[in-house]
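Analysis of the macromolecular model
As a plain string of letters, each chain reads:
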Amino acid sequence: MRKRLAILLAVFALATAAFAMPTASAGGHLHGEVDIALYLYECPNPNAPGDGFITWAGTIDIGKKTLGIAFFETLATAPVGETGFFYFEEVVTLFRLPRHEWHPDAFLWAACTPWLRVMEIEEAGIGAPSGIWYGAGHVTYGKKHFEKYVGGNSFWQGMFAEDTTPELPKFVAELWVFPGNMD
């Protein structure tokens, strides 16, 4: 319980720091708009991140580029006592989208395919009673021009989309990723 409360405080501290940062930096941080939906999909690939179970997936727009984004839950979302907060841990991956929709599950197949992954983030987060959810973590993998973010921090905040339904929950968020060499 104390560990989870400490992480809650750390996430709020990161949230405050992220909003105090300028929108463009010489360090070249990434900022993206996330649009995801609940999938609850078990990856057929044994090399998928985490335990291979996708909870949320969708797209992230970073500037003029659109990538896939998937959330692999590593610790199930659970309430934090009677506080009204929820705590979770997950692995987040950014991946190249398939060029063709050759199968309805092509998007999820791409999320589960290690060689399409361009970035991986390990994080923890909270859901607040206000309905806003936060996540913070660190980049553990980066491919090609994403390598400079390895060791860097990430932060996102979001909420359920207005057009969401219990049958098809949707979530929108903003994600920031900072380079690993920010001394």
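Just so it is clear, the model here is predicted, and its values are computed rather than measured.

On to the pairing of strand 3 (residues 65–79). As paired strands, strand 2 (residues 53–62) and strand 3 are joined by eight bridges and run antiparallel to one another. Residue A57 lies in a different strand from strand 3, and its bridge partner there is A70. In textbook terms, the turn of a hairpin is the stretch between consecutive antiparallel strands, and for strand 2 and strand 3 this stretch comprises two residues, one of which, G63, has a positive phi near 65°. Pairing geometry for strand 3 and strand 4 (residues 86–95), over nine bridges, is antiparallel.

Below, the discussion takes up the side chain of E123. Following the sequence through the fold, E123 ends up in strand 5 (residues 117–127). A distance of 2.7 Å separates a polar atom in the side chain of E123 from a polar atom in the side chain of W156. Filtering out sequence-adjacent residues up to four positions away, E123 remains in contact with F71, F88, E89, E90, V92, G135, A136, G137, S154 and W156.

With that out of the way, let us pick up the pairing of strand 1 (residues 30–42). Pairing between strand 1 and strand 8 (residues 170–177): eight bridges, direction antiparallel. Each bridged residue has a counterpart across the sheet, and for D35 the counterpart in strand 8 is V172.

Before going further, it helps to spend a moment on a positive patch on the surface. Together, K65, R96, R99 and K144 give the surface a local cluster of positive charge. Secondary-structure assignment places K65 in strand 3.

Considering soluble globular proteins, one finds that nonpolar side chains tend to be buried as a cluster. Judged by nonpolar contacts, the single largest core of 24 residues is most densely connected at I60, I69, L94, M119, W156 and V177. Breaking this core down by element, the ones donating at least two residues are strand 1, strand 2, strand 3, strand 4, strand 5, strand 6 (133–142) and strand 8. Within the second largest apolar cluster, 15 residues are counted, among which are C43, F72, F95 and A110.

Another aspect to go through is the sheet that holds strand 1. Read once around its circumference, the closed barrel built from eight strands follows the order 1-2-3-4-5-6-7-8, with strand pairing classed as antiparallel. Taking each pair of neighbouring strands and ignoring which way they run, the sheet shows an average axis angle of 30°.

What follows concerns the confidence of the model for the protein chain. For any part of a model where pLDDT is low, the fine detail of the predicted coordinates should not be relied upon. Residues at a pLDDT of 70 or more form 84% of the protein chain, whose mean pLDDT is 85. Low confidence marks residues 5–26, where pLDDT is under 50. Its contacts with residues over four positions away, or in another chain, come to 25 contacts.

Cut-offs used in this document
Residues numbered from 1 in each chain as written. Predicted model: local features only at pLDDT ≥ 70, side-chain atom pairs only at ≥ 80, totals over all residues. Heavy atoms only, no water. Pairing = 2+ DSSP bridges. Helix = DSSP H or I, 4+ residues; strand = E, 2+ residues; numbered from the N terminus. Polar contact = N/O pair within 3.5 Å; in protein donor to acceptor, adjacent residues only side chain to side chain. Contact = heavy atoms within 4.5 Å. Patch = residues over 30% accessible without salt bridge, like charges linked within 9 Å, V, L, I, M, F, W, Y side chains within 5 Å. Areas by Shrake-Rupley, 256 points an atom, 1.4 Å probe, with all protein chains shown as cover. Salt bridge = Lys/Arg side-chain N within 4 Å of Asp/Glu carboxyl O. Lys, Arg positive; Asp, Glu negative; His and termini not counted. Charge placed at Lys NZ, Arg CZ, Asp CG, Glu CD. Core = buried A, V, L, I, M, F, W, Y, C linked by side-chain atoms within 4.5 Å. Buried < 20%, exposed > 50% of the residue type's maximum accessible area, 1.4 Å probe, protein only. Axes fitted to C-alpha atoms, helices over the stretch in contact; angles between N-to-C directions. pLDDT = per-residue confidence, 0-100.

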